[in-house]
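Chain residues, written in single-letter form:
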Amino acid sequence: MRVRIAPSPTGDPHVGTAYIGLLNYLFAKQRGGKFVLRIEDTDRTRFVASSEQMIFDALRWTGLDWDEGPDVGGPFGPYRQSERTEIYREYCQRLLDSGHAYRAFETPEELEAERKAQMAVKQPPKYSGASRNYTPEQAAAALAEGKPFTIRLRVPDGDRPAGTASTTFRDELRGDITFDHFNVDDQVLMKSDGFPTYHLANVVDDHLMGITDVIRAEEWISSTPKHVLLYQAFGWDLPRFWHMPLLRNIDKSKISKRKNPVSLIYYRQAGYLPQAMLNFLGLMGGGMAQPSEQEIVSKGLDMKLADIFSLQEMIERFDFNRISLGGPVFDLVKLKWMNGEYLRGLNAEAFFQTLRSTIFSDSYLREIVPLVQTRMEITSQFGDMADFFFKDDVQPAAEVFVPKKRTLPDTLAFAPEMLTVLEAADWQTENIDTSLRALLTAKEWSVKEAFMLLRAILTGKTASPPLLESMVVFGKARSLDRVRRFLEAQKKAVVLAGRK
RNA sequence: GGCGCUAUGGUGUAACUGGUUAACACGUCGCCCUCUCAAGGCGAAGAGUUCGGGUUCGAGCCCCGAUAGCGCUACCA
């Protein structure tokens, strides 16, 4: 029994990764299997250099230890897809040789135009497959011309009318799911830059790494037929597929940073305990049977603690067959309650140590201290000066955040633009500075005004230690969260004002 | 639009092979405790199980149909 998680280093480590990680971990521990971590870094355009290390750190923080991975090694390495390109090339060639794949010479522009045309006449966008039907001579000619190409999967009878062919696979939680080949696009397997797409790399690696059970999020159901087709083309046995429900925002949409903190870094820095996080995640989608009445009586259980359980208890009790399929809302309110429950459960010394290793860690204080030293006369001023580093939230009043020569609507129109810029920024003072300055010159905001606004949003005050340095110390995840919360609060205030 | 998945209080879940007044936790509200705020204790409101049919003595659980939400629909994962 072997399972895996396969995050992409495209940004901050995601709570969804921790959720799917937990599920895979439990599955492996319950059945004496191995839990593998594989880094799927095949998208060069979205690659973020610092991301991989953050994924390791964040996952380590949760306590979900993996048996094999890029950093710990293992018998099926390398575990980083960028180091396996030769392997994909080889397997892709096999597909080419056997006719299960073909070279496609359309440019991205042509594909885009085709898609638009199809959308315009309300047709489902689908690759029309000009290259699919090239004669060997035509293909050879295009290749000789040196035209860039991708390699696509030839979906059997995919170009025939609906009802001609279909693929059925078993989802362990839902039963059989069928897709008509008419609705399965000829997926790109190898990009023109020579890197594989997720679909190819994932199937090849899962096979080569001996993965027996693919436990992943529901969003993959639609592409599973492509994966099944690939397994079949290679003549490989299928793994079992378990598609887990997707974590949701309060409005039931797929969980997103716009509406929820999704970075594990945020949760760690904001002072959530990993045990609480895992416990809460274990609640999502059910799986943990509530103790029966008999059990409550015989074991003398406290129903107050019905939702509280350790990782070990989850391993013992979690039942994959009882996972409920509705998308669970990731409810911060209950997570917070649960975290409080864990905090209260600590003895005085452990609680002290928790504070010392999180919000009051030496490393955090060491970063903050140089920002305030020259501004202080007596050390007790530290609290006033640095309070925002230790707060969950600050909400400045309009008198504080609206610059003198600006109006409230002006300011609230500008602030989201700063958020967008900050989201894209590499989190170092110079980078934040330049991207911020680019924005404010474009929008005709003075440096003073813009920085004052940002300062107010992040610190709640008009005076603070140097803003950019403070932001770097405070961290990207929490800084962005603070801006988003500010925006959210202001939106509510506007609605409220409108009602009056 | 097409395809797929899903559907129990505001939220997360329960309800053994269909069997009485749909349970637990979070949240909300009230009371107690208390210098305050929490915590803790006690209590309350809140769903008749998306809707409409059907099968059955009996349906949240089975069948059919509708609706809604979500996901996918990229040389992203």
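Keep in mind that this is a model prediction, so the values were computed, not measured.

Student: Run through the overall build of chain A, naming residues and quoting values.
Tutor: Looking only at helices and strands, chain A features 21 helices and eleven strands. Projecting the C-alpha coordinates of chain A onto the three principal axes gives extents of approximately 80 × 70 × 50 Å. The burial tally for chain A puts 47% of its 500 residues in the buried class. Expressed as a percentage of contacts within chain A between residues at least 6 apart in sequence, the contacts between residues at least 24 apart total 76%. Chain A carries 64 positive and 66 negative side-chain charges, and their two centres are separated by 4 Å.

Student: Run through the packing of aromatic side chains, naming residues and quoting values.
Tutor: Counted by the stated rule, this structure contains 27 aromatic pairs. When the ring of Tyr 91 is compared with that of Trp 236, the centres are 5.6 Å apart and the planes differ by 65°; the resulting orientation is edge-to-face. Of this pair, Tyr 91 sits in helix H3 (residues 85-98) while Trp 236 sits in the loop between helix H7 (224-234) and strand E9 (240-244), and the two are 145 residues apart along the sequence. For Trp 236, a relative accessible area of 13% corresponds to the buried category. For the pair Phe 169 and Phe 241, a centre-to-centre distance of 6.1 Å together with 70° between the ring planes defines the contact as edge-to-face. On the criterion of sequence distance, the pair formed by Phe 169 in strand E5 (residues 166-171) and Phe 241 in strand E9 is long-range, its members being 72 residues apart. The exposure classification of Phe 169 matches that of Phe 241, with both residues buried. In this structure an aromatic cluster arises from ring pairing among Phe 360, Tyr 364, Phe 382, Phe 388, Phe 389, Phe 390 and Phe 474. Above the face of the Trp 445 ring, Arg 406 is positioned so that its terminal group lies 4.3 Å from the ring centre.

Student: Before we move on, can you summarise the protein's contact with RNA strand B with the specific residues and values?
Tutor: Contacts to RNA strand B come from 57 residues, most closely from Ser 8, Asp 43, Lys 191, Ser 192 and Gly 285. Counting only the atoms of RNA strand B that lie within 4 Å of the protein, the sugar and phosphate share comes to 83%. A distance of 3.3 Å is found between a sugar or linking oxygen of RNA strand B and a side-chain nitrogen or oxygen belonging to Glu 40. In the model, a phosphate oxygen of RNA strand B is placed 3.4 Å from a nitrogen or oxygen of the Arg 152 side chain. Listing elements by their share of the surface near RNA strand B, those giving two or more residues are helix H4 (108-120), strand E4 (150-153), strand E6 (175-180) and helix H12 (332-345). When residues of the surface near RNA strand B are assigned to their parent elements, the largest contribution, four residues, is made by H12. Grouping the constituent residues of the surface near RNA strand B by class yields 21 nonpolar, 16 polar and 20 charged.

Student: Explain the domain arrangement of chain A residue by residue, including any values.
Tutor: The domain boundaries assigned to chain A delineate domain 1 (85-244), domain 2 (264-357) and domain 3 (362-499). Averaged C-alpha coordinates put domain 2 and domain 3 at centres separated by 33 Å. Counting residues at the interface gives six residues for domain 2, matched by eight residues for domain 3. A buried area of about 580 Å², summed over both sides, lies between domain 2 and domain 3, and 42% of it is on carbon and sulfur atoms. Close ionic contact of Lys 336 with Asp 392 constitutes a salt bridge, the shortest N to O distance being 3.2 Å. For the interface between domain 2 and domain 3, the tally reads four residue pairs in polar contact (both at pLDDT 80 or more). If one sorts the elements of the side of domain 2 that touches domain 3 by residue count, helix H8 (residues 264-270) sits on top with four residues.

Student: Now, about unusual backbone geometry: what can you tell me, with residues and values included?
Tutor: With phi around 60°, Asp 157 is a residue other than glycine that occupies positive phi space. Relative to the assigned elements, Asp 157 resides in the loop between E4 and E5. Unusually for a residue other than glycine, Glu 444 sits at a positive phi of about 60°. By the secondary structure assignment, Glu 444 is in the loop between helix H18 (429-442) and helix H19 (447-459). Accessibility expressed as a relative area gives 66% for Glu 444, which makes it exposed.

Student: Tell me what's going on with helix H17 (residues 408-424), and back it up with residues and numbers.
Tutor: Over its 17 residues, H17 extends 25 Å from the first C-alpha to the last, a length consistent with the 24 Å expected when each residue adds 1.5 Å. Burial in H17 covers these residues: Thr 411, Leu 412, Phe 414, Ala 415, Met 418, Leu 419, Val 421, Leu 422 and Glu 423. Measuring from the backbone nitrogen of Asp 410 back to the side-chain oxygen at the start of H17 gives 3.2 Å, which picks out Thr 407 as the cap.

Student: Describe the pattern of salt bridges, with residues and values.
Tutor: Oppositely charged side chains can form a pair if their charged atoms are brought close together. Throughout the structure, instances matching the rule amount to 37 salt bridges. For Arg 406, the salt bridge identified is with Glu 449, shortest N-O distance 3.0 Å. Placement of the pair is Arg 406 in the loop between helix H16 (398-401) and H17 and Glu 449 in helix H19, with a sequence separation of 43 residues. Salt bridges linked by common partners bring Arg 4, Arg 38, Glu 40, Arg 84, Asp 205 and Asp 206 together as one network.

Student: Can you tell me about the environment of Gly 129, naming the residues and giving the values?
Tutor: Position of Gly 129 relative to the elements: it lies in the loop between H4 and helix H5 (136-144). Remark: the alpha-carbon pair of Gly 129 and Asp 186, spanning 57 residues in sequence, is separated by 7.9 Å.

Student: Summarise the sheet that holds strand E7 (residues 188-190); cite the residues concerned and give the values.
Tutor: For sheets, the rule is that strands pair by backbone hydrogen bonds, running either parallel or antiparallel. If you walk across this open sheet you meet the three strands as E3-E4-E7, and the pairing is antiparallel. Sheet topology places strand E3 (101-104) and E7 at the edges, where each strand pairs with a single neighbour. Between one strand and the next, the sheet's axes are offset by a mean angle of 45°, whatever the strand orientation. Here E3 runs beside E4; their pairing, made up of four bridges, is antiparallel. Looking at the pairing, Tyr 102 lines up with Arg 152 of E4.

Student: Describe the side chain of Asn 339, and please don't skip the residues or the numbers.
Tutor: Along the chain, Asn 339 turns up in helix H12. Among the polar contacts listed, one links the side chain of Asn 339 to the backbone oxygen of Gly 271, at a separation of 3.3 Å. There is a polar contact of 2.7 Å between the side chain of Asn 339 and the backbone nitrogen of Leu 273. In contact with Asn 339, other than residues within four places in its own chain, are Gly 271, Tyr 272, Leu 273 and Ala 276.

Student: Describe H7, and please don't skip the residues or the numbers.
Tutor: The buried count for H7 comes to ten of eleven residues, which makes it a mostly enclosed element. Where H7 is concerned, the buried positions are Thr 224, Pro 225, Lys 226, His 227, Val 228, Leu 229, Leu 230, Tyr 231, Ala 233 and Phe 234. With its phi angle positive at about 75°, Gly 235 sits one or two positions after the end of H7.

Rules used throughout
Residues numbered from 1 in each chain as written. Chains lettered and ligands numbered in written order. Predicted model: local features only at pLDDT ≥ 70, side-chain atom pairs only at ≥ 80, totals over all residues. Heavy atoms only, no water. Helix = DSSP H or I, 4+ residues; strand = E, 2+ residues; numbered from the N terminus. Buried < 20%, exposed > 50% of the residue type's maximum accessible area, 1.4 Å probe, protein only. Contact = heavy atoms within 4.5 Å. Lys, Arg positive; Asp, Glu negative; His and termini not counted. Charge placed at Lys NZ, Arg CZ, Asp CG, Glu CD. Phe/Tyr/Trp six-rings, centres within 6.5 Å; stacked < 30°, edge-to-face > 60°. Lys NZ or Arg CZ within 6 Å of the ring centre and 35° of its normal. Near = heavy atom within 4 Å. Polar contact = N/O pair within 3.5 Å; in protein donor to acceptor, adjacent residues only side chain to side chain. Nonpolar A, V, L, I, M, F, W, Y, C, P; charged D, E, K, R; others polar. Domains from an automatic or database assignment. Buried area = accessible area lost by both parts, 1.4 Å probe. Salt bridge = Lys/Arg side-chain N within 4 Å of Asp/Glu carboxyl O. Expected span 1.5 Å × (residues − 1). Pairing = 2+ DSSP bridges. Axes fitted to C-alpha atoms, helices over the stretch in contact; angles between N-to-C directions.

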